[in-house]
There are 2 protein chains.
Amino acid sequence: MRASTGEFLAEGPQAVREALAVGAALEVFATPKFDDWRALGQASIWHSVDDAVVADIADAVTPQGIVARCLSVVRTLDALPAGARLVAVGVDVRDPGNAGSIIRAADAAGADAVVFAGDSVDPLNPKAVRATVGSLFHLPIIVDRDLIGVVAALRERRVNLLAADGGGDTDIFDADLAQPTAWLFGNEAHGLGTWAAVADLRVAIPIYGRAESLNLATAAAVCLYMSARAQRKN
Amino acid sequence: MRASTGEFLAEGPQAVREALAVGAALEVFATPKFDDWRALGQASIWHSVDDAVVADIADAVTPQGIVARCLSVVRTLDALPAGARLVAVGVDVRDPGNAGSIIRAADAAGADAVVFAGDSVDPLNPKAVRATVGSLFHLPIIVDRDLIGVVAALRERRVNLLAADGGGDTDIFDADLAQPTAWLFGNEAHGLGTWAAVADLRVAIPIYGRAESLNLATAAAVCLYMSARAQRKN
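Here the structure is a predicted model, which means the values were calculated and not measured.

(A) Region of interest: the overall build of chain A. In terms of helices and strands, chain A carries 6 helices and 12 strands. The globule rule puts the C-alpha radius of gyration for 234 residues at 17 Å, and the 19 Å found for chain A is close to it. Within chain A, the fraction of its 234 residues that count as buried is 56%. Residue pairs at least 24 apart in sequence account for 75% of intrachain contacts in chain A once pairs closer than 6 positions are excluded. Summed over its atoms, the accessible surface of chain A is roughly 9,900 Å², and 48% of this surface lies on carbon and sulfur atoms. The averaged location of the 28 negative side-chain charges in chain A is 4 Å from the averaged location of its 20 positive side-chain charges.

Quick look at the structure:
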């Protein structure tokens, strides 16, 4: 089943529970073992169906017996909180698993919002949604192709703009991360490229061994956690 | 193509280059654009073939024109270095992508070895190999099902044993990580379970937001980098 524009599918118990909790689930298709969840979804149309129907609707290789058609949770730049202290910005992020993992890591690190700018993958792509493990219902997910506009909105909110850049001149472990911060994370293959120049600082996670680089989502998690930690120490 | 026991396939330019560099490539199948790489692979049998042949041999959805049949790089516990200061131990890690990502993150953080214990996935699984992006040729990869034996070997080498445990009582940001350390990382669904008790300390990455947990490979990267950093500060 393809959801219509702006709608998306949340699959599996954890994602559907979160969708129900925030009132985003329009319609739920679930096997009878989830019948006692109906009380959670009073605003949703509930279809008690068998495994084959769920499997047919769900995109997952191993569907978990429940799937919900949800209202889009994607927001515009206006949803960027005025007092944001930690924001993750994906720029031209192409892999849906990475997009979802960035949302999950941002949520875990207590970030205030996640923004996808430039030619990034749709964070409501089924693989991305699965990788968030419910976190896309926990904080504002903003999509805006215009990175210049995103940068302007972040500057208005007076956050430091840090570029996660393997070739950056500042070691993340030496950087002052205590101020409100937006991290820019670039494309899997090409990084931020010239976009790194819009940041106040280009920050590298040092490679102590012989790996060429870190995975994008892994690097994002390290950056976000280092910021979260520095902000909480003060 | 299934490699025979102990052998495995390295796919794509980066992995094959590393395999050639350490002399692990027995046989290379490559499109003509890689012909000038033959000099790197003097010990290897070289087959100049077309894309379709590479695609047929490779497991990848988007084969990259070159694949090598390699000697196993998996070692026994004897390969654990005597002076190891940072070791990653996967316990019952089931997802090949996670196994590979742990190897990549361990390499990046400068770890001395990666061990897979218990019922862990084969780190030479094609998906795992791809996720390492060549890092499996950079440090000893040890497979030993017997976690008790692994723990004994680590204790002999006088490293602290830390369990990465979401329910652990020590916050990673408060832990003393400067000593030589082996991190135990558990199963994706069930964590370390009772195995956490064999560690000296059960250490949690705090969840500052509303995410239920971090992805295994992400958590491993944060733990390994916090250790690497603490060890280098002293």
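(B) Summary view of the interface of chain A and chain B. Tallying the contact residues gives 31 residues for chain A and 31 residues for chain B. In total, about 2,800 Å² of surface goes out of reach between chain A and chain B, with carbon and sulfur atoms giving 58% of it. Residues A:Asp174 and B:Arg229 are paired through a salt bridge, measuring 3.6 Å at the closest nitrogen-oxygen approach. The interface formed by chain A and chain B contains 22 residue pairs in polar contact (both at pLDDT 80 or more). Secondary structure elements with two or more residues in the side of chain A that touches chain B: α3 (96–108) and α6 (216–233) of chain A. At 8 residues, the largest contribution of residues to the side of chain A that touches chain B is made by α6(A). The residue inventory of the side of chain A that touches chain B, partitioned by class, reads 16 nonpolar, 8 polar and 7 charged.

(C) Structural context of the environment of B:Gln231. Residues and elements named next belong to chain B. Mapped onto the elements of the fold, Gln-231 is located in helix α6 (residues 216–233). Residue class for Gln-231 comes out buried when judged on its relative accessible area of 9%. In this structure, the C-alpha to C-alpha distance between Gln-231 and Ala-153, residues 78 residues apart in sequence, is 21 Å. Every residue in contact with Gln-231, bar those within four places of it in the chain, is listed here: Arg-85, Leu-86, Leu-177, Ala-178, Gln-179, Pro-180 and Thr-181.

(D) Layout of α6(B). With 18 residues, α6(B) extends 26 Å between its outermost C-alpha atoms, agreeing within 8% with the 26 Å of an ideal straight helix rising 1.5 Å per residue. Most of α6(B) is tucked away: 16 of the 18 residues are buried.

(E) Representation of the side chain of B:Glu27 within the structure. Residues and elements named next belong to chain B. Locating Glu-27 in the fold gives a position in strand β2 (residues 25–30). Under the relative-accessibility criterion, Glu-27 is labelled buried at 13%. In terms of polar contacts, Glu-27 uses its side chain to reach the side chain of His-47, at 2.8 Å. Within the structure, Glu-27 has its side chain in polar contact with the side chain of Arg-69 (distance 2.7 Å). Apart from the residues within four sequence positions on either side, Glu-27 is in contact with Ser-44, Ile-45, His-47, Val-67, Ala-68 and Arg-69.

(F) Structural context of the sheet that holds strand β8 (residues 141–144) of chain A. All names here are of chain A. What the 8 strands build is an open sheet, ordered β5-β8-β7-β6-β11-β9-β12-β10; its pairing is parallel. Looking at which strands have only one partner, the edges of the open sheet turn out to be β5 (74–75) and β10 (170–171). On top of the sheet, α3 reaches β6 (86–91), β7 (113–117) and β8; it is set at about 155 degrees to β7, its chief contact. Most of the contacts of helix α5 (residues 147–156) go to β6, to which it runs at about 170 degrees, and overall it touches β6, β7, β8, β9 (160–164) and β11 (181–185).

(G) Up close: the relation of the copies chain A and chain B. With an axial shift of 0.0 Å and an RMSD of 0.0 Å, the rotation relating chain A to chain B amounts to 180 degrees. Expressed as an axis order, the relation between the two copies is that of a two-fold axis. In this assembly the copies share their binding face: 100% of the residues contributing to the interface of chain A also contribute to that of chain B.

(H) Structural view of unusual backbone geometry. Residues and elements named next belong to chain B. Its identity as a non-glycine residue notwithstanding, Asp-92 has a phi of 55 degrees, on the positive side. Mapped onto the fold, Asp-92 is located in the loop between β6 (86–91) and α3 (96–108). With a phi close to 45 degrees, Val-133 is a non-glycine residue in the positive phi region. Inspection of the secondary structure puts Val-133 in the loop between α4 (126–132) and β8 (141–144).

(I) Quick peek at the packing of α6(A) against α6(B). At a minimum axis distance of 9 Å, the contact between α6(A) and α6(B) shows a crossing angle of 55 degrees. With respect to each other, α6(A) and α6(B) are oriented oblique. Read as a crossing pair, α6(A) and α6(B) show a hand that is right-handed. Here A:Thr218, A:Ala221, A:Val222 and A:Met226 of α6(A) come into contact with α6(B), specifically with B:Thr218, B:Ala221, B:Val222 and B:Met226. In terms of residue class, the contact of α6(A) with α6(B) is built from 6 nonpolar, 2 polar and no charged.

(J) Region of interest: the pattern of salt bridges. The tally for this structure, following the rule as stated, stands at 16 salt bridges over all chains. Between B:Glu7 and B:Arg69 there is a salt bridge whose closest N-O contact spans 2.7 Å. Note that B:Glu7 is positioned in the segment before β1 (8–11) and B:Arg69 in strand β4 (residues 66–70), a separation of 62 residues in sequence. The closest approach of N and O atoms between B:Arg145 and B:Asp119, which form a salt bridge, is 3.6 Å. Pair noted here: B:Arg145 is in the loop between β8 and α5 (147–156) and B:Asp119 is in the loop between β7 (113–117) and α4, with a separation of 26 residues, a long-range link. Salt bridges sharing partners connect three or more residues here, namely A:Glu7, A:Glu27 and A:Arg69.

(K) Structural context of the packing of aromatic side chains. Applying the stated criterion across every chain, the model contains 10 aromatic pairs over all chains. Measuring from centroid to centroid gives 5.9 Å for A:Tyr208 and B:Tyr225, while their planes differ by 35 degrees, and the two rings are tilted. Here A:Tyr208 is found in the loop between β12 (201–204) and α6, whereas its partner B:Tyr225 is found in helix α6 on a different chain. Among the residues examined, A:Tyr208 registers a relative accessible area of 22% and is labelled partly exposed. B:Tyr225 sits in the buried class, given a relative accessible area of 1%. Here the aromatic cluster, defined as three or more aromatic residues joined through ring pairs, consists of A:Phe173, A:Tyr208 and B:Tyr225. Against the face of B:Tyr208 rests A:Arg232, its NZ or CZ located 3.9 Å from the ring centre.

Definitions and cut-offs
- Counting from 1, residues in each chain are numbered in the order their sequence is written.
- Key to labels: chains lettered from A, ligands numbered from 1, both in the order written.
- Reporting of local features is limited, given that this is a predicted model, to residues whose pLDDT is at least 70; pairs of side-chain atoms are given and counted only at 80 or more, and all residues count toward the totals for whole chains, interfaces and linings.
- Processing note: side-chain calculations cover all non-hydrogen atoms of the structure and skip hydrogens and water entirely.
- Strands here are runs of E lasting at least two residues and helices are runs of H or I lasting at least four, both read from the DSSP assignment and numbered beginning at the N terminus.
- To get the radius of gyration, use the C-alpha atoms; to get the globule rule, take the number of residues to the power 0.38 and multiply by 2.2 Å.
- Here the term buried applies to any residue with accessible area under 20% of the maximum for its type, exposed to any over 50%, and partly exposed to those in between, with areas from a 1.4 Å probe on protein chains only.
- In what follows, residue pairs with any heavy atoms lying within 4.5 Å of each other are defined as contacts.
- Areas reported as accessible are Shrake-Rupley estimates using a 1.4 Å probe. Residue values count occlusion only from the protein chains shown.
- Asp and Glu are treated as the negative residues and Lys and Arg as the positive ones, with His and the ends of the chain left uncounted.
- Throughout, a charge is located at the NZ atom of Lys, the CZ atom of Arg, the CG atom of Asp or the CD atom of Glu.
- Accessible area that two parts lose when put together, evaluated with a 1.4 Å probe and summed over both, is termed the buried area.
- The term salt bridge refers to a pairing of a side-chain nitrogen on Lys or Arg with a carboxyl oxygen on Asp or Glu at a separation within 4 Å.
- Two N or O atoms count as a polar contact when they lie within 3.5 Å, although within protein this holds only if one can serve as hydrogen donor and the other as acceptor, and sequence-adjacent residues are included solely when both atoms are side-chain atoms.
- Three classes are used: nonpolar for Ala, Val, Leu, Ile, Met, Phe, Trp, Tyr, Cys and Pro, charged for Asp, Glu, Lys and Arg, and polar for all others, with Gly counted as polar.
- Multiplying 1.5 Å by the residue count of a helix minus one yields the expected span of that helix.
- If DSSP finds at least two bridges between two strands, the strands pair.
- Interaxial angles span 0 to 180 degrees and are taken between N-to-C directions of axes, which are lines fitted to C-alpha atoms, for helices over the stretch in contact.
- A least-squares fit on C-alpha atoms brings the copies together, and the residues used are those whose pLDDT is at least 70 in both copies.
- Working rule for angles: under 35 degrees goes down as roughly parallel, over 145 as roughly antiparallel, 65 to 115 as roughly perpendicular, anything else as oblique.
- Crossings are sorted by hand: turned counterclockwise from the far helix by less than a right angle, the near helix makes the crossing left-handed, and turned clockwise it makes it right-handed.
- Any Phe, Tyr or Trp ring, taking Trp's six-membered ring, that has another such ring centre within 6.5 Å forms a pair; planes under 30 degrees apart are called stacked, those over 60 apart edge-to-face, and the others tilted.
- The criterion for a charge sitting over a ring is simple: Lys NZ or Arg CZ within 6 Å of the ring centre, and within 35 degrees of the ring normal.

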